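Fold and geometry: a report
Chain by chain, the residues:
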Amino acid sequence: DPAAGAAEWLSALRARLTERIRAPLTPAIGGVAAALMIGDQGAVPEPVLVAMRDSGLAHLLSISGLHMALLAATLFFAVRAGLALVPWVALRFPIKKWAAAATLLGAFGYLLISGAQVPTQRAFLMTGLVLLAVMLDRVAFSMALVAWAAAAVLLIAPESLLGASFQMSFAAVVCLIAAYEGLGARLAQWHREARLPRRAALYLAGIALTTLIAGTATAPYAAFHFNRVADYGLVANLIAVPITSLWVMPCALAAFALLPFGAEALALVPMGWGIAALLRCAETVAGWPGAVLAVPPMPGWALVTLSLGGLWLCLWRQRWRLAGALAVIVGCAGIAVSDPPDLIITGDAKLAAVRDGAGWLQLSSRRMSGIAAESLIQRFGYRGTAPWPGQGGSADARCDDLGCVFDLAGRRVALVFRPEALAEDCARADVLIAAVPVIAPCPRPHPVVDRFDLWREGAHAFWISATGPVRVETVRAARGARPWVRRPERAGRDDQ
(Lines give C-alpha, C1' and ligand atoms only; values in the text may rest on other atoms or scores of the structure.)
Protein backbone atom coordinates (compact mmCIF):
# COMPACT_ATOMS: atom_id res chain seq x y z
CA ASP A 1 0.00 0.00 0.00
CA PRO A 2 1.74 3.25 -1.10
CA ALA A 3 -0.14 5.37 1.45
CA ALA A 4 0.84 3.08 4.33
CA GLY A 5 4.42 3.03 3.11
CA ALA A 6 4.54 6.82 2.93
CA ALA A 7 3.06 7.11 6.42
CA GLU A 8 5.61 4.67 7.79
CA TRP A 9 8.47 6.53 6.11
CA LEU A 10 7.22 9.85 7.47
CA SER A 11 6.90 8.40 10.97
CA ALA A 12 10.47 7.10 10.84
CA LEU A 13 11.67 10.49 9.57
CA ARG A 14 9.94 12.27 12.47
CA ALA A 15 11.57 9.88 14.94
CA ARG A 16 15.04 10.56 13.48
CA LEU A 17 14.47 14.30 13.49
CA THR A 18 13.30 14.18 17.11
CA GLU A 19 16.52 12.46 18.13
CA ARG A 20 18.64 15.02 16.30
CA ILE A 21 16.72 17.95 17.79
CA ARG A 22 17.06 16.64 21.34
CA ALA A 23 20.73 15.64 21.03
CA PRO A 24 22.41 19.03 21.72
CA LEU A 25 19.92 20.10 24.42
CA THR A 26 19.01 19.09 27.95
CA PRO A 27 16.16 16.56 28.27
CA ALA A 28 13.49 19.10 29.28
CA ILE A 29 14.50 21.75 26.76
CA GLY A 30 15.04 19.15 24.05
CA GLY A 31 11.57 17.73 24.65
CA VAL A 32 10.00 21.18 24.28
CA ALA A 33 12.06 21.87 21.14
CA ALA A 34 10.83 18.61 19.61
CA ALA A 35 7.25 19.54 20.49
CA LEU A 36 7.61 22.95 18.84
CA MET A 37 9.35 21.68 15.70
CA ILE A 38 7.98 18.17 15.17
CA GLY A 39 4.81 18.14 17.25
CA ASP A 40 6.10 15.27 19.40
CA GLN A 41 5.22 15.94 23.04
CA GLY A 42 6.20 12.47 24.22
CA ALA A 43 9.59 13.65 25.49
CA VAL A 44 8.28 16.65 27.42
CA PRO A 45 8.61 15.90 31.17
CA GLU A 46 5.37 15.80 33.14
CA PRO A 47 6.35 18.73 35.45
CA VAL A 48 6.95 20.87 32.38
CA LEU A 49 3.55 19.94 30.93
CA VAL A 50 1.87 20.80 34.23
CA ALA A 51 3.67 24.16 34.50
CA MET A 52 2.82 25.08 30.90
CA ARG A 53 -0.81 24.10 31.40
CA ASP A 54 -1.23 25.89 34.74
CA SER A 55 0.38 29.07 33.42
CA GLY A 56 -1.80 29.22 30.30
CA LEU A 57 1.08 28.44 27.93
CA ALA A 58 0.11 24.91 26.94
CA HIS A 59 -0.96 26.16 23.51
CA LEU A 60 2.72 26.81 22.74
CA LEU A 61 3.42 23.07 22.88
CA SER A 62 0.71 22.20 20.36
CA ILE A 63 1.61 23.19 16.81
CA SER A 64 -1.26 25.41 15.75
CA GLY A 65 -1.95 28.85 14.36
CA LEU A 66 0.77 30.68 16.29
CA HIS A 67 3.55 28.33 15.20
CA MET A 68 2.38 28.06 11.60
CA ALA A 69 1.95 31.83 11.33
CA LEU A 70 5.37 32.55 12.83
CA LEU A 71 7.10 30.01 10.62
CA ALA A 72 5.24 31.20 7.51
CA ALA A 73 5.89 34.88 8.26
CA THR A 74 9.59 34.27 8.88
CA LEU A 75 9.94 32.19 5.72
CA PHE A 76 7.91 34.65 3.62
CA PHE A 77 9.94 37.70 4.61
CA ALA A 78 13.23 35.80 4.36
CA VAL A 79 12.48 34.61 0.80
CA ARG A 80 11.14 37.99 -0.26
CA ALA A 81 14.12 39.82 1.22
CA GLY A 82 16.52 37.42 -0.49
CA LEU A 83 14.84 37.96 -3.85
CA ALA A 84 14.82 41.73 -3.30
CA LEU A 85 18.59 41.66 -2.95
CA VAL A 86 18.81 40.72 -6.65
CA PRO A 87 17.70 43.86 -8.52
CA TRP A 88 17.34 42.11 -11.88
CA VAL A 89 14.80 39.67 -10.33
CA ALA A 90 13.06 42.18 -8.06
CA LEU A 91 12.38 44.64 -10.91
CA ARG A 92 11.07 42.10 -13.41
CA PHE A 93 9.15 39.47 -11.49
CA PRO A 94 6.40 39.39 -8.79
CA ILE A 95 8.71 38.40 -5.94
CA LYS A 96 5.91 38.80 -3.38
CA LYS A 97 3.92 36.07 -5.11
CA TRP A 98 7.02 33.92 -5.48
CA ALA A 99 7.68 34.28 -1.76
CA ALA A 100 4.07 33.28 -1.04
CA ALA A 101 4.43 30.17 -3.21
CA ALA A 102 7.69 29.17 -1.50
CA THR A 103 6.11 29.76 1.90
CA LEU A 104 3.15 27.57 0.97
CA LEU A 105 5.50 24.71 0.15
CA GLY A 106 7.38 25.24 3.41
CA ALA A 107 4.13 25.32 5.41
CA PHE A 108 3.01 22.07 3.78
CA GLY A 109 6.29 20.43 4.73
CA TYR A 110 5.84 21.68 8.30
CA LEU A 111 2.33 20.18 8.31
CA LEU A 112 3.66 16.76 7.33
CA ILE A 113 6.63 16.83 9.70
CA SER A 114 4.48 17.94 12.65
CA GLY A 115 2.06 15.01 12.38
CA ALA A 116 -0.90 16.88 10.81
CA GLN A 117 -3.02 17.09 13.96
CA VAL A 118 -6.34 18.99 13.83
CA PRO A 119 -4.93 22.36 15.04
CA THR A 120 -2.09 22.05 12.53
CA GLN A 121 -4.52 21.17 9.73
CA ARG A 122 -6.62 24.21 10.54
CA ALA A 123 -3.54 26.42 10.76
CA PHE A 124 -2.16 25.15 7.45
CA LEU A 125 -5.48 25.53 5.64
CA MET A 126 -5.88 29.10 6.84
CA THR A 127 -2.25 29.94 6.13
CA GLY A 128 -2.52 28.35 2.71
CA LEU A 129 -5.64 30.32 1.87
CA VAL A 130 -3.95 33.54 3.02
CA LEU A 131 -0.94 32.81 0.81
CA LEU A 132 -3.22 31.89 -2.09
CA ALA A 133 -5.02 35.21 -1.62
CA VAL A 134 -1.66 36.98 -1.80
CA MET A 135 -0.87 35.20 -5.06
CA LEU A 136 -4.29 36.11 -6.49
CA ASP A 137 -4.29 39.70 -5.17
CA ARG A 138 -7.32 39.06 -2.93
CA VAL A 139 -8.18 39.99 0.65
CA ALA A 140 -6.23 37.64 2.91
CA PHE A 141 -8.21 37.49 6.17
CA SER A 142 -11.98 37.02 6.37
CA MET A 143 -14.68 34.91 7.96
CA ALA A 144 -15.08 33.14 4.61
CA LEU A 145 -11.50 31.96 5.01
CA VAL A 146 -12.35 30.47 8.41
CA ALA A 147 -15.47 28.83 7.00
CA TRP A 148 -13.50 27.16 4.19
CA ALA A 149 -10.87 25.94 6.64
CA ALA A 150 -13.50 24.54 9.02
CA ALA A 151 -15.32 22.81 6.16
CA ALA A 152 -12.08 21.21 4.96
CA VAL A 153 -11.15 19.97 8.44
CA LEU A 154 -14.63 18.52 8.99
CA LEU A 155 -14.56 16.87 5.57
CA ILE A 156 -11.31 15.12 6.52
CA ALA A 157 -12.21 14.36 10.16
CA PRO A 158 -15.90 15.07 10.96
CA GLU A 159 -15.51 13.69 14.49
CA SER A 160 -13.20 16.60 15.33
CA LEU A 161 -16.26 18.85 15.70
CA LEU A 162 -16.79 17.45 19.20
CA GLY A 163 -13.14 17.71 20.21
CA ALA A 164 -11.51 20.42 22.30
CA SER A 165 -8.86 21.10 19.66
CA PHE A 166 -11.32 22.01 16.90
CA GLN A 167 -13.59 24.03 19.15
CA MET A 168 -10.87 26.02 20.88
CA SER A 169 -8.81 26.77 17.78
CA PHE A 170 -11.74 27.94 15.66
CA ALA A 171 -13.31 29.88 18.53
CA ALA A 172 -10.07 31.81 18.96
CA VAL A 173 -9.70 32.53 15.25
CA VAL A 174 -13.32 33.62 14.74
CA CYS A 175 -13.18 36.00 17.70
CA LEU A 176 -9.81 37.43 16.64
CA ILE A 177 -10.98 38.12 13.09
CA ALA A 178 -14.22 39.69 14.35
CA ALA A 179 -12.33 41.91 16.79
CA TYR A 180 -9.66 43.06 14.36
CA GLU A 181 -12.19 43.69 11.60
CA GLY A 182 -13.50 46.47 13.81
CA LEU A 183 -10.16 47.67 15.16
CA GLY A 184 -7.91 47.02 12.18
CA ALA A 185 -8.12 50.44 10.51
CA ARG A 186 -7.46 52.34 13.73
CA LEU A 187 -4.58 50.07 14.74
CA ALA A 188 -3.01 50.40 11.28
CA GLN A 189 -3.20 54.19 11.54
CA TRP A 190 -1.57 54.16 14.99
CA HIS A 191 1.18 51.94 13.68
CA ARG A 192 1.87 54.16 10.65
CA GLU A 193 2.11 57.29 12.78
CA ALA A 194 4.17 55.74 15.57
CA ARG A 195 7.92 55.88 15.98
CA LEU A 196 10.06 52.97 17.15
CA PRO A 197 9.39 53.15 20.95
CA ARG A 198 5.67 53.55 20.37
CA ARG A 199 5.67 50.72 17.83
CA ALA A 200 7.27 48.47 20.44
CA ALA A 201 4.55 49.48 22.90
CA LEU A 202 1.88 48.81 20.27
CA TYR A 203 3.40 45.39 19.64
CA LEU A 204 3.13 44.46 23.31
CA ALA A 205 -0.38 45.91 23.47
CA GLY A 206 -1.30 43.83 20.43
CA ILE A 207 -0.03 40.68 22.14
CA ALA A 208 -2.02 41.55 25.25
CA LEU A 209 -5.18 42.23 23.24
CA THR A 210 -4.77 39.08 21.14
CA THR A 211 -4.15 36.98 24.25
CA LEU A 212 -7.14 38.51 26.01
CA ILE A 213 -9.45 37.86 23.04
CA ALA A 214 -8.19 34.33 22.37
CA GLY A 215 -8.14 33.47 26.08
CA THR A 216 -11.68 34.72 26.58
CA ALA A 217 -12.88 32.85 23.48
CA THR A 218 -11.31 29.54 24.51
CA ALA A 219 -11.94 29.70 28.28
CA PRO A 220 -15.48 28.23 28.12
CA TYR A 221 -14.24 25.30 26.04
CA ALA A 222 -11.29 24.75 28.39
CA ALA A 223 -13.73 24.77 31.30
CA PHE A 224 -16.03 22.31 29.52
CA HIS A 225 -13.37 19.82 28.43
CA PHE A 226 -10.72 20.20 31.14
CA ASN A 227 -12.59 21.80 34.09
CA ARG A 228 -9.77 24.26 34.70
CA VAL A 229 -8.87 27.82 33.72
CA ALA A 230 -5.43 29.45 33.97
CA ASP A 231 -6.01 32.73 35.81
CA TYR A 232 -2.69 34.37 34.91
CA GLY A 233 -2.51 33.33 31.27
CA LEU A 234 -2.50 36.93 30.08
CA VAL A 235 0.61 37.76 32.11
CA ALA A 236 2.42 34.61 31.04
CA ASN A 237 1.63 35.15 27.35
CA LEU A 238 2.82 38.75 27.46
CA ILE A 239 6.24 37.36 28.35
CA ALA A 240 6.23 34.09 26.41
CA VAL A 241 4.77 35.10 23.05
CA PRO A 242 7.43 37.74 22.23
CA ILE A 243 10.15 35.26 23.17
CA THR A 244 8.54 32.63 20.97
CA SER A 245 7.91 34.88 17.98
CA LEU A 246 11.14 36.90 18.03
CA TRP A 247 13.60 34.24 19.16
CA VAL A 248 12.45 30.64 19.45
CA MET A 249 10.61 30.15 16.13
CA PRO A 250 13.19 31.97 13.97
CA CYS A 251 15.82 29.70 15.51
CA ALA A 252 13.59 26.72 14.77
CA LEU A 253 13.36 27.75 11.11
CA ALA A 254 17.14 28.15 10.97
CA ALA A 255 17.53 24.69 12.53
CA PHE A 256 15.29 23.19 9.82
CA ALA A 257 17.46 24.87 7.18
CA LEU A 258 20.66 23.52 8.77
CA LEU A 259 19.41 19.95 9.29
CA PRO A 260 20.47 18.69 5.81
CA PHE A 261 24.02 19.88 6.53
CA GLY A 262 24.23 18.37 10.02
CA ALA A 263 24.77 21.82 11.55
CA GLU A 264 21.41 22.17 13.30
CA ALA A 265 23.11 22.59 16.69
CA LEU A 266 24.17 26.09 15.64
CA ALA A 267 20.51 27.12 15.77
CA LEU A 268 19.20 24.65 18.36
CA VAL A 269 21.51 25.85 21.14
CA PRO A 270 20.31 29.48 20.90
CA MET A 271 16.78 28.16 20.55
CA GLY A 272 17.32 26.32 23.84
CA TRP A 273 18.13 29.63 25.55
CA GLY A 274 14.72 30.96 24.52
CA ILE A 275 12.97 27.76 25.60
CA ALA A 276 14.71 27.98 28.99
CA ALA A 277 13.24 31.47 29.40
CA LEU A 278 9.80 30.11 28.46
CA LEU A 279 10.04 27.35 31.04
CA ARG A 280 11.20 29.77 33.71
CA CYS A 281 8.21 31.98 32.95
CA ALA A 282 5.82 29.01 33.05
CA GLU A 283 7.16 27.70 36.35
CA THR A 284 7.05 31.14 37.96
CA VAL A 285 3.48 31.94 36.89
CA ALA A 286 2.22 28.43 37.68
CA GLY A 287 3.61 28.81 41.19
CA TRP A 288 1.59 31.92 41.98
CA PRO A 289 -1.33 31.46 44.40
CA GLY A 290 -4.58 30.74 42.60
CA ALA A 291 -2.87 30.15 39.26
CA VAL A 292 -5.46 27.54 38.28
CA LEU A 293 -9.19 27.81 38.84
CA ALA A 294 -10.98 24.47 39.03
CA VAL A 295 -14.52 24.74 37.70
CA PRO A 296 -17.40 22.28 37.91
CA PRO A 297 -18.60 20.54 34.74
CA MET A 298 -20.56 22.65 32.28
CA PRO A 299 -23.74 21.06 30.87
CA GLY A 300 -23.74 20.36 27.16
CA TRP A 301 -26.68 22.70 26.54
CA ALA A 302 -24.71 25.54 28.12
CA LEU A 303 -21.78 25.09 25.74
CA VAL A 304 -24.09 24.94 22.71
CA THR A 305 -25.94 28.08 23.85
CA LEU A 306 -22.70 29.91 24.48
CA SER A 307 -21.28 28.86 21.09
CA LEU A 308 -24.35 30.03 19.19
CA GLY A 309 -24.30 33.33 21.05
CA GLY A 310 -20.63 33.82 20.30
CA LEU A 311 -21.16 33.12 16.60
CA TRP A 312 -24.05 35.59 16.54
CA LEU A 313 -21.79 38.23 18.08
CA CYS A 314 -18.90 37.60 15.71
CA LEU A 315 -20.60 36.98 12.37
CA TRP A 316 -23.07 39.86 12.26
CA ARG A 317 -21.94 43.46 11.84
CA GLN A 318 -25.20 45.28 12.59
CA ARG A 319 -26.27 46.40 16.05
CA TRP A 320 -28.43 43.33 16.58
CA ARG A 321 -25.23 41.34 16.94
CA LEU A 322 -25.25 42.42 20.60
CA ALA A 323 -28.21 40.12 21.21
CA GLY A 324 -25.72 37.27 21.13
CA ALA A 325 -24.29 38.50 24.42
CA LEU A 326 -27.45 37.30 26.16
CA ALA A 327 -26.91 33.74 24.91
CA VAL A 328 -23.26 33.91 26.00
CA ILE A 329 -24.31 34.99 29.49
CA VAL A 330 -26.90 32.19 29.70
CA GLY A 331 -24.30 29.67 28.58
CA CYS A 332 -21.76 30.85 31.15
CA ALA A 333 -24.43 30.64 33.83
CA GLY A 334 -24.62 26.91 33.11
CA ILE A 335 -21.50 26.47 35.23
CA ALA A 336 -23.35 27.88 38.22
CA VAL A 337 -26.09 25.26 38.00
CA SER A 338 -23.61 22.39 37.74
CA ASP A 339 -24.00 19.78 40.44
CA PRO A 340 -21.04 17.41 41.00
CA PRO A 341 -21.93 13.94 42.28
CA ASP A 342 -21.95 13.28 46.02
CA LEU A 343 -20.53 9.76 45.74
CA ILE A 344 -18.52 7.94 43.06
CA ILE A 345 -17.39 4.33 43.06
CA THR A 346 -15.09 2.86 40.42
CA GLY A 347 -16.06 -0.07 38.24
CA ASP A 348 -13.68 -2.42 40.05
CA ALA A 349 -15.14 -1.36 43.44
CA LYS A 350 -11.66 -0.59 44.77
CA LEU A 351 -12.11 3.15 45.25
CA ALA A 352 -14.99 5.20 46.60
CA ALA A 353 -14.94 9.01 46.57
CA VAL A 354 -17.32 11.13 48.63
CA ARG A 355 -17.83 14.89 48.39
CA ASP A 356 -17.82 16.58 51.76
CA GLY A 357 -19.63 19.77 52.69
CA ALA A 358 -16.67 22.00 51.72
CA GLY A 359 -16.26 20.56 48.21
CA TRP A 360 -13.30 18.27 49.00
CA LEU A 361 -13.09 14.71 47.74
CA GLN A 362 -12.67 12.09 50.46
CA LEU A 363 -11.13 8.84 49.24
CA SER A 364 -11.58 5.35 50.64
CA SER A 365 -8.12 4.18 49.54
CA ARG A 366 -4.99 6.30 49.47
CA ARG A 367 -3.13 3.56 47.61
CA MET A 368 -5.61 3.55 44.72
CA SER A 369 -6.28 7.28 44.64
CA GLY A 370 -3.55 8.72 42.39
CA ILE A 371 -4.73 8.81 38.79
CA ALA A 372 -8.37 8.17 39.68
CA ALA A 373 -8.53 11.08 42.13
CA GLU A 374 -6.81 13.41 39.67
CA SER A 375 -9.31 12.45 36.98
CA LEU A 376 -12.27 13.02 39.27
CA ILE A 377 -10.98 16.40 40.44
CA GLN A 378 -10.39 17.49 36.87
CA ARG A 379 -13.75 16.21 35.65
CA PHE A 380 -16.00 17.54 38.39
CA GLY A 381 -14.08 20.54 39.72
CA TYR A 382 -13.57 19.38 43.30
CA ARG A 383 -11.24 21.46 45.46
CA GLY A 384 -8.84 18.58 46.12
CA THR A 385 -8.57 15.41 48.17
CA ALA A 386 -9.10 14.90 51.89
CA PRO A 387 -8.40 11.89 54.15
CA TRP A 388 -10.95 9.16 54.68
CA PRO A 389 -12.88 8.93 56.96
CA GLY A 390 -14.05 12.56 56.95
CA GLN A 391 -13.99 14.54 60.15
CA GLY A 392 -16.81 17.01 60.59
CA GLY A 393 -17.90 16.85 56.94
CA SER A 394 -20.91 15.36 55.28
CA ALA A 395 -19.06 12.07 54.92
CA ASP A 396 -18.20 11.32 58.55
CA ALA A 397 -17.54 7.64 57.90
CA ARG A 398 -17.33 4.70 60.28
CA CYS A 399 -15.23 1.94 58.73
CA ASP A 400 -13.95 -1.50 59.55
CA ASP A 401 -12.78 -4.53 57.58
CA LEU A 402 -16.34 -5.33 56.51
CA GLY A 403 -17.21 -1.94 55.05
CA CYS A 404 -18.10 1.69 55.76
CA VAL A 405 -21.24 3.47 56.83
CA PHE A 406 -21.72 7.24 56.58
CA ASP A 407 -24.47 9.82 56.22
CA LEU A 408 -25.05 12.00 53.16
CA ALA A 409 -27.85 14.56 53.17
CA GLY A 410 -29.49 12.74 56.06
CA ARG A 411 -29.41 9.35 54.36
CA ARG A 412 -27.37 6.38 55.47
CA VAL A 413 -25.02 5.02 52.80
CA ALA A 414 -23.32 1.66 53.24
CA LEU A 415 -20.23 0.46 51.38
CA VAL A 416 -19.93 -3.30 51.77
CA PHE A 417 -16.55 -4.92 51.27
CA ARG A 418 -17.35 -8.45 52.52
CA PRO A 419 -20.50 -10.62 52.41
CA GLU A 420 -20.72 -10.80 56.23
CA ALA A 421 -21.89 -7.14 56.34
CA LEU A 422 -24.75 -7.54 53.89
CA ALA A 423 -27.44 -8.65 56.35
CA GLU A 424 -27.00 -5.71 58.75
CA ASP A 425 -26.56 -3.07 56.05
CA CYS A 426 -29.54 -4.35 54.05
CA ALA A 427 -31.67 -3.76 57.13
CA ARG A 428 -30.38 -0.28 58.04
CA ALA A 429 -28.97 1.51 54.97
CA ASP A 430 -30.84 3.80 52.57
CA VAL A 431 -28.28 3.33 49.79
CA LEU A 432 -26.18 0.18 49.52
CA ILE A 433 -23.08 -0.29 47.36
CA ALA A 434 -21.42 -3.68 47.55
CA ALA A 435 -18.06 -4.82 46.25
CA VAL A 436 -19.48 -8.35 46.44
CA PRO A 437 -22.50 -9.93 44.70
CA VAL A 438 -25.87 -9.36 46.37
CA ILE A 439 -27.74 -12.65 45.81
CA ALA A 440 -30.52 -12.53 48.43
CA PRO A 441 -33.23 -9.84 48.24
CA CYS A 442 -32.28 -6.55 49.90
CA PRO A 443 -35.59 -4.64 50.05
CA ARG A 444 -34.88 -1.55 52.21
CA PRO A 445 -32.09 0.32 50.43
CA HIS A 446 -32.70 2.05 47.13
CA PRO A 447 -30.73 1.80 45.04
CA VAL A 448 -28.72 -1.37 45.56
CA VAL A 449 -25.57 -1.55 43.45
CA ASP A 450 -23.43 -4.65 43.72
CA ARG A 451 -20.36 -6.15 42.06
CA PHE A 452 -22.35 -7.37 39.06
CA ASP A 453 -23.77 -3.89 38.41
CA LEU A 454 -20.33 -2.33 38.62
CA TRP A 455 -18.92 -4.96 36.30
CA ARG A 456 -21.65 -4.48 33.69
CA GLU A 457 -22.18 -0.72 33.87
CA GLY A 458 -18.77 0.59 34.97
CA ALA A 459 -18.22 3.35 37.51
CA HIS A 460 -21.33 4.76 39.20
CA ALA A 461 -21.98 8.36 40.29
CA PHE A 462 -24.68 9.13 42.89
CA TRP A 463 -26.54 12.36 43.66
CA ILE A 464 -28.11 12.04 47.10
CA SER A 465 -30.58 14.54 48.56
CA ALA A 466 -32.65 14.64 51.71
CA THR A 467 -35.85 14.43 49.69
CA GLY A 468 -36.57 12.78 46.39
CA PRO A 469 -35.03 9.73 44.78
CA VAL A 470 -31.32 9.06 44.53
CA ARG A 471 -30.04 9.82 41.03
CA VAL A 472 -27.51 7.38 39.58
CA GLU A 473 -25.43 7.69 36.41
CA THR A 474 -23.10 5.06 35.02
CA VAL A 475 -20.26 5.00 32.53
CA ARG A 476 -22.17 2.70 30.20
CA ALA A 477 -25.25 4.92 30.21
CA ALA A 478 -23.07 7.92 29.40
CA ARG A 479 -21.46 6.09 26.46
CA GLY A 480 -24.84 4.98 25.15
CA ALA A 481 -25.77 2.01 23.01
CA ARG A 482 -23.24 2.35 20.21
CA PRO A 483 -22.13 -0.35 17.76
CA TRP A 484 -18.60 -0.14 19.12
CA VAL A 485 -19.65 -0.44 22.80
CA ARG A 486 -19.73 -4.10 23.85
CA ARG A 487 -22.29 -5.03 26.46
CA PRO A 488 -21.00 -7.58 28.98
CA GLU A 489 -22.87 -10.83 29.27
CA ARG A 490 -25.39 -11.12 32.10
CA ALA A 491 -23.74 -12.52 35.17
CA GLY A 492 -26.29 -15.00 36.44
CA ARG A 493 -28.97 -12.88 38.08
CA ASP A 494 -31.58 -10.25 37.27
CA ASP A 495 -30.96 -6.53 37.60
CA GLN A 496 -31.82 -4.91 40.84
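Refer to the preceding data block for the structure.
So, here's what we can say about the structure.

How each quantity is defined
Residues numbered from 1 in each chain as written. Predicted model: local features only at pLDDT ≥ 70, side-chain atom pairs only at ≥ 80, totals over all residues. Heavy atoms only, no water. Buried < 20%, exposed > 50% of the residue type's maximum accessible area, 1.4 Å probe, protein only. Helix = DSSP H or I, 4+ residues; strand = E, 2+ residues; numbered from the N terminus. Pairing = 2+ DSSP bridges. Salt bridge = Lys/Arg side-chain N within 4 Å of Asp/Glu carboxyl O. Axes fitted to C-alpha atoms, helices over the stretch in contact; angles between N-to-C directions. Parallel < 35°, antiparallel > 145°, perpendicular 65-115°, else oblique. Left-handed = near helix turned anticlockwise from the far one by under 90°. Contact = heavy atoms within 4.5 Å. Nonpolar A, V, L, I, M, F, W, Y, C, P; charged D, E, K, R; others polar. Core = buried A, V, L, I, M, F, W, Y, C linked by side-chain atoms within 4.5 Å. Polar contact = N/O pair within 3.5 Å; in protein donor to acceptor, adjacent residues only side chain to side chain.

1. Notes on the pairing of strand 10 (residues 431-434)
Where burial is concerned, the two faces of strand 10 agree: the one with V431 and I433 and the one with L432 and A434 are both buried. As paired strands, strand 10 and strand 11 (residues 448-449) are joined by two bridges and run parallel to one another. Looking at strand 11, one finds that L432 is bridged to V448.

2. Points about the sheet that holds strand 10
Reading across the sheet, the five strands line up as 7-8-9-10-11 and stay open at both edges, with mixed pairing between neighbours. The two strands at the open ends of the sheet, each matched to only one other strand, are strand 7 (398-399) and strand 11. Here strand 7 runs beside strand 8 (residues 403-408); their pairing, made up of two bridges, is antiparallel. Bridge pairing in strand 8 places R398 opposite V405.

3. Some remarks on the pattern of salt bridges
As enumerated under the stated definition, the model contains six salt bridges in all. For the salt bridge of R418 with E420, the shortest nitrogen-to-oxygen distance reads 3.6 Å. With its nearest N and O atoms 2.8 Å apart, the salt bridge here joins R471 to E473. Given the relative accessible area of 40%, E473 is considered partly exposed.

4. Some thoughts on the packing of helix 1 (residues 2-22) against helix 2 (residues 27-38)
In the contact formed by helix 1 and helix 2, the axes pass within 9 Å of each other and the chain directions differ by 140°. In terms of orientation, helix 1 and helix 2 fall into the oblique class. Crossing of helix 1 over helix 2 shows right-handed handedness. Contact residues: R14, L17, T18, I21 and R22 in helix 1; G30, G31, A33, A34, M37 and I38 in helix 2. Broken down by class, the residue content of the contact of helix 1 with helix 2 amounts to six nonpolar, three polar and two charged.

5. Overview of the nonpolar core
Counting 47 residues, the largest nonpolar core has V32, M37, M52, L57, M271, I275 and L279 as the members making the most contacts within it. Looking at this core, the element that brings in the most residues is helix 12 (residues 265-286), giving nine residues. Filtering out sequence-adjacent residues up to four positions away, M271 remains in contact with A33, L36, M37, W247, V248, C251 and A252. Judged by nonpolar contacts, the second largest core, of 17 residues, contains A352, C404, V431 and F462.

6. With respect to the side chain of T103
Positionally, T103 belongs in helix 6 (residues 95-113). Polar side-chain contacts of T103 include one of 3.4 Å to the backbone nitrogen of F76. Ignoring sequence-local partners within four residues, the contact set of T103 consists of A72, L75, F76 and L131.

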